[in-house]
Amino acid sequence: MNTAALPHEPPRSAVAARGGPGIDVPSAALAEGLDHFRALPALQQPVWPDAAALAEVTGRLAQAAPLVVPGDCDSLRGRLAAAGRGEAFVLQGGDCAEIFAEASATRIRNKIRTLLQMAVVLTHGASTPVVKIGRLAGQYAKPRSSDVETRDGVTLPAYRGDMINGFAFTPEARTPDPGRLEQAYRISAATANVVRAFTTGGYADLRQVHEWNRGFMRNPAYARYERTANEIDRAIRFMEACGADFDALRTVELFLSHEALVLDYERALTRVDARTGQAYDTSAHFLWIGERTRQLDGAHVDFLSRVANPVGVKLGPTTSPEDALALAARLNPGNVPGRLTFVTRMGAGRVRDVLPALVEKVTAAGVAVTWVTDPMHGNTITSATGYKTRRFADVLDEVQGFFEVHRALGTVPGGLHMELTGDDVTEVLGGSEEIDEAGLALRYETLVDPRLNHQQSLETAFLVAEMLQAR
Ligand SMILES: O=C[C@H](O)[C@H](O)COP(=O)(O)O
Ligand SMILES: C=C(OP(=O)(O)O)C(=O)O
C-alpha cells in the first residue's frame, strides 16, 4: 500500500527519539499539529467539570499501550480500497452504544457470531469477500439531539455514552466523569482481547458454520441459514477430499471501529508509527465522523485529517455535493483509495432523490471513495407507545435504494453499516418475527438507538446477498 500521499505526512524526524522503530508518542513538532483541533469549534463534547482530573487521565492514556497497531490499519485501508472498486463488500456493524456492564464474553461472542453469520451469507450468496468491521471496543460515546433531558420537571445532562456519564437519572450519574475515559480504554482493551481470541482461536473457523446457528433453528431465516451452511460444508468436504489445505479458514479478520467523537480520548491514544513517521489514532482501526460533527472547519475534521487510519464520514440528506467534495479534499488530499469512506444515511424516503447528485459529482471529480449505506439513522421514528424505533421495511428499502442509485450510475455500492446486536432484543418493528408496537416492550434494551436483533440481522444479510448478486 502506498501511503506516501496520506495527509500531513511528517518527516521521519518527527518521531520522538526515545522509542526507535515501533509505535511511539508523537514528538513536540507533530503534537502541535495534532492539537490544532483544540483551537477549533468542537460540537457534541462533554463539559468536564474538573479540568485537572481530565488532564491527569488523558496524560495516563497518552502513555498507555495502543489498542490497535498501524500495520493493521493499513491492511484495512487496502481492503476498503478493494470494496471501493467492487472487489469486496464492507460489513460494519454492532451496538448503537456499547455499555460497560455488557462487555461480557457471551455478549461479545454473540455480536461476533452475528457478524460472522452475516458475512458467510454475503460471501456465499454473492461470491464476494466481506470486509468485517465491528462497532466494537470503543463505541462508548454518542452525539445527542439535546444537551439535557427533563423528567418530571427535573432537568439533567443528557446521557452521552458510558465513556462520558452514566444512564441513571441522577445528578451524580449524569455529571461527565473523566475517569470514564480510562474505564472505556480498559474495557475496550479487554473487548479487543476477547475479539482476537474468538476470531483466531478456532471459534471463527468456517468449519463451525453450523455451530454458530445452534439454538436458533425455529424460524425461516435460520432454516435458510442452515441450508447455506450445508452447502458450505459440502464444498469444504469436497475440497478437503481433493487434498486442499484449509488452515486459512481457521481465522478471520475482524477490524474495530467507533465514532471519533470525544476528541480528548482520540488524541490521547494517538501514536506515531516509527516505520513511516505518520500518526495513527490507535483507539481503533477505523474511525468515523458523525453527521452532527462533520463541519469542514470543525475540530473533528481537522483531527482526523491528521491521522493515517482509514476514516469515514456520515452524510445525511442535507449534504450537498460541494460539502462532500470539500470533505474529501480535507480528509484525503492525496486521493488514496481506501482512506475515505462515505457512509450515506439519507432515509428510505429520500435516498433515491438525494444520493444520485452526490455520487454523480463525487465520481465526476475523480474522487477515490468507498460508498457504504447506513440504513438506520435516517429511519428513526417514535412508536405510539413512546419507543424510539425503526421499521425493518424502511431499513431494507434504504439499502435497496442505495443499490438502485449505484446501479443506475454505474458506481459501486461498497458496503453496509448497521446498528445490530447478537441478542434477541425487540427494538426494531417488523421482520419475519413481526415485532409490532406492543412487542417492542418485551425486550427493549438499548440506551440510545434501536438495533436489529440477531434474526433481523440474518434476514438483512440474505436480502443484501441477493442485491449484491445483481451488482
Ligand atoms: O445514534 C445516533 C444519535 O446518537 C442518536 O440518534 C441521537 O439520539 P437523540 O435524538 O435521542 O439524542
Ligand atoms: C450517531 C450515529 O450516526 P449519525 O452520525 O449518522 O447520526 C451513529 O452511527 O452512531
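Worth saying up front: this structure is predicted, and the values here are computed from it rather than measured.

Each value, and the rule that gives it
- Residues numbered from 1 in each chain as written.
- Chains lettered and ligands numbered in written order.
- Predicted model: local features only at pLDDT ≥ 70, side-chain atom pairs only at ≥ 80, totals over all residues.
- Heavy atoms only, no water.
- Near = heavy atom within 4 Å.
- Polar contact = N/O pair within 3.5 Å; in protein donor to acceptor, adjacent residues only side chain to side chain.
- Areas by Shrake-Rupley, 256 points an atom, 1.4 Å probe, with all protein chains shown as cover.
- Phe/Tyr/Trp six-rings, centres within 6.5 Å; stacked < 30°, edge-to-face > 60°.
- Helix = DSSP H or I, 4+ residues; strand = E, 2+ residues; numbered from the N terminus.
- Buried < 20%, exposed > 50% of the residue type's maximum accessible area, 1.4 Å probe, protein only.
- Lys NZ or Arg CZ within 6 Å of the ring centre and 35° of its normal.
- UniProt positions renumbered as here; feature names shortened; annotations may be inferred.
- Contact = heavy atoms within 4.5 Å.
- Pairing = 2+ DSSP bridges.
- Axes fitted to C-alpha atoms, helices over the stretch in contact; angles between N-to-C directions.
- Nonpolar A, V, L, I, M, F, W, Y, C, P; charged D, E, K, R; others polar.
- Parallel < 35°, antiparallel > 145°, perpendicular 65-115°, else oblique.
- Left-handed = near helix turned anticlockwise from the far one by under 90°.

**Focus: the site of ligand 2**
Right, on to step 1. Near ligand 2 lie 13 residues; those nearest to it are R135, K142, E291, K314 and R345.
Right, on to step 2. Side-chain polar atom of R292 to an oxygen atom of ligand 2: 3.2 Å apart, as the coordinates give it.
Right, on to step 3. Residue K314 places a side-chain N or O atom 2.6 Å away from an oxygen atom belonging to ligand 2.
Right, on to step 4. Relative to its unbound accessible surface of 290 Å², ligand 2 loses 98% to contact with the protein.

**Section: the packing of aromatic side chains**
Right, on to step 1. Applying the stated criterion across every chain, the model contains 7 aromatic pairs.
Right, on to step 2. Between F89 and F403, the ring centres sit 6.2 Å apart and the planes meet at 35°, which makes this aromatic pair tilted. In this pair, F89 sits in strand β2 (residues 89-94) while F403 sits in helix α12 (residues 392-409), placing the two residues 314 residues apart along the sequence. Per residue, the accessibility class of F89 equals that of F403, and both read buried.
Right, on to step 3. Between Y159 and F167, the ring centres sit 5.2 Å apart and the planes meet at 90°, which makes this aromatic pair edge-to-face.
Right, on to step 4. One aromatic cluster in this structure is built from F89, F402 and F403.
Right, on to step 5. Over the ring of F167 we find R174, and its NZ or CZ is 5.6 Å from the ring centre.

**Section: the UniProt feature "binding site: Mn(2+)" (unreviewed entry) in the protein chain**
Right, on to step 1. Sites flagged by UniProt as "binding site: Mn(2+)" (unreviewed entry) map to C96, H377, E419 and D449. Spanning 354 residues, the named residues form one tight spatial group whose C-alpha atoms are at most 10.1 Å apart.
Right, on to step 2. Checked against the element boundaries, C96 lands in the loop between β2 and α4 (105-126).
Right, on to step 3. Sequence-distant contacts of C96, defined by excluding residues within four places in its chain, comprise R135, Q139, K142, E419, T446, V448, D449 and R451.
Right, on to step 4. Note on placement: H377 falls in the loop between β12 (370-373) and β13 (380-382).
Right, on to step 5. With residues near it in sequence (within four places) discarded, H377 still touches R135, K314, R345, R390, E419 and D449.
Right, on to step 6. Only 2.9 Å separates the side chain of H377 from the side chain of E419, close enough to count as a polar contact.

**A look at the UniProt feature "binding site: phosphoenolpyruvate" (unreviewed entry) in the protein chain**
Right, on to step 1. What UniProt calls "binding site: phosphoenolpyruvate" (unreviewed entry) maps, in this numbering, to R135, E291, R292, K314 and R345.
Right, on to step 2. Of note, R135 is situated in strand β3 (residues 130-135).
Right, on to step 3. At 2.9 Å, the side chain of R135 and the backbone oxygen of D95 are in polar contact.
Right, on to step 4. Along the polypeptide, E291 turns up in the loop between β9 (286-289) and α9 (299-305).
Right, on to step 5. When its relative accessible area of 19% is taken as the criterion, E291 is described as buried.
Right, on to step 6. Contacts of E291, omitting those with residues within four sequence positions, involve K314, L315, G316, T318, T319 and R345.
Right, on to step 7. Polar side-chain contacts of E291 include one of 2.9 Å to the side chain of R294.

**Quick look at the sheet that holds strand β8 (residues 278-281)**
Right, on to step 1. With antiparallel pairing, 3 strands are arranged side by side in an open sheet as β1-β7-β8. Either end of the sheet is taken by a strand with one partner, and the two such strands are β1 (23-24) and β8.
Right, on to step 2. In this structure, strand β7 (residues 270-273) lies alongside β8, joined through 4 bridges in antiparallel fashion. Its bridge partner being in β8, D273 is matched across the sheet by Q278.
Right, on to step 3. On top of the sheet, helix α3 (residues 70-85) reaches β1, β7 and β8; it is set at about 85° to β8, its chief contact.

**Remarks on unusual backbone geometry**
Right, on to step 1. Its identity is not glycine, yet S127 carries a phi of approximately 50°, on the positive side.
Right, on to step 2. The residue S127 is located in the loop between α4 and β3 in this model.
Right, on to step 3. Given the relative accessible area of 66%, S127 is considered exposed.
Right, on to step 4. Residues other than glycine seldom take positive phi values, yet D152 does so here, at roughly 45°.
Right, on to step 5. Summarising the element assignment, D152 is placed in the loop between β4 (148-151) and β5 (154-157).
Right, on to step 6. With a relative accessible area of 84%, D152 lands in the exposed category.

**Things to note about the site of ligand 1**
Right, on to step 1. Close to ligand 1 lie K142, P143, R144, S145, R292, H377, K388 and D449.
Right, on to step 2. Within the contact set of ligand 1, an oxygen atom lies 2.8 Å away from a side-chain nitrogen or oxygen of R144.
Right, on to step 3. A distance of 2.7 Å separates an oxygen atom of ligand 1 from a polar side-chain atom of K388.
Right, on to step 4. Coverage of ligand 1 by the protein chains reaches 83% of its 330 Å² of free accessible surface.
Right, on to step 5. Residues belonging to the shell around ligand 1 are distributed by class as follows: 1 nonpolar, 2 polar and 5 charged.

**Observations regarding the packing of α12 against helix α13 (residues 454-470)**
Right, on to step 1. At their nearest, the axes of α12 and α13 sit 11 Å apart, and the two run at 15° to each other. Our classification of the angle between α12 and α13 gives roughly parallel. Of the two possible hands of crossing, α12 and α13 adopt the one that is right-handed. Of the residues in α13, those in contact with F392, L396, V399, Q400, F403 and R407 of α12 are Q456, E459, T460, L463, V464, M467, L468 and A470.
Right, on to step 2. Of the residues belonging to the contact of α12 with α13, the class tally is 9 nonpolar, 3 polar and 2 charged.

**Remarks on the environment of I187**
Right, on to step 1. Note on placement: I187 falls in helix α6 (residues 179-200).
Right, on to step 2. Between the alpha carbons of I187 and T385 there is a distance of 34 Å; along the sequence they are 198 residues apart.
Right, on to step 3. Excluding anything up to four places from it in sequence, I187 contacts F100, A103 and Y140.

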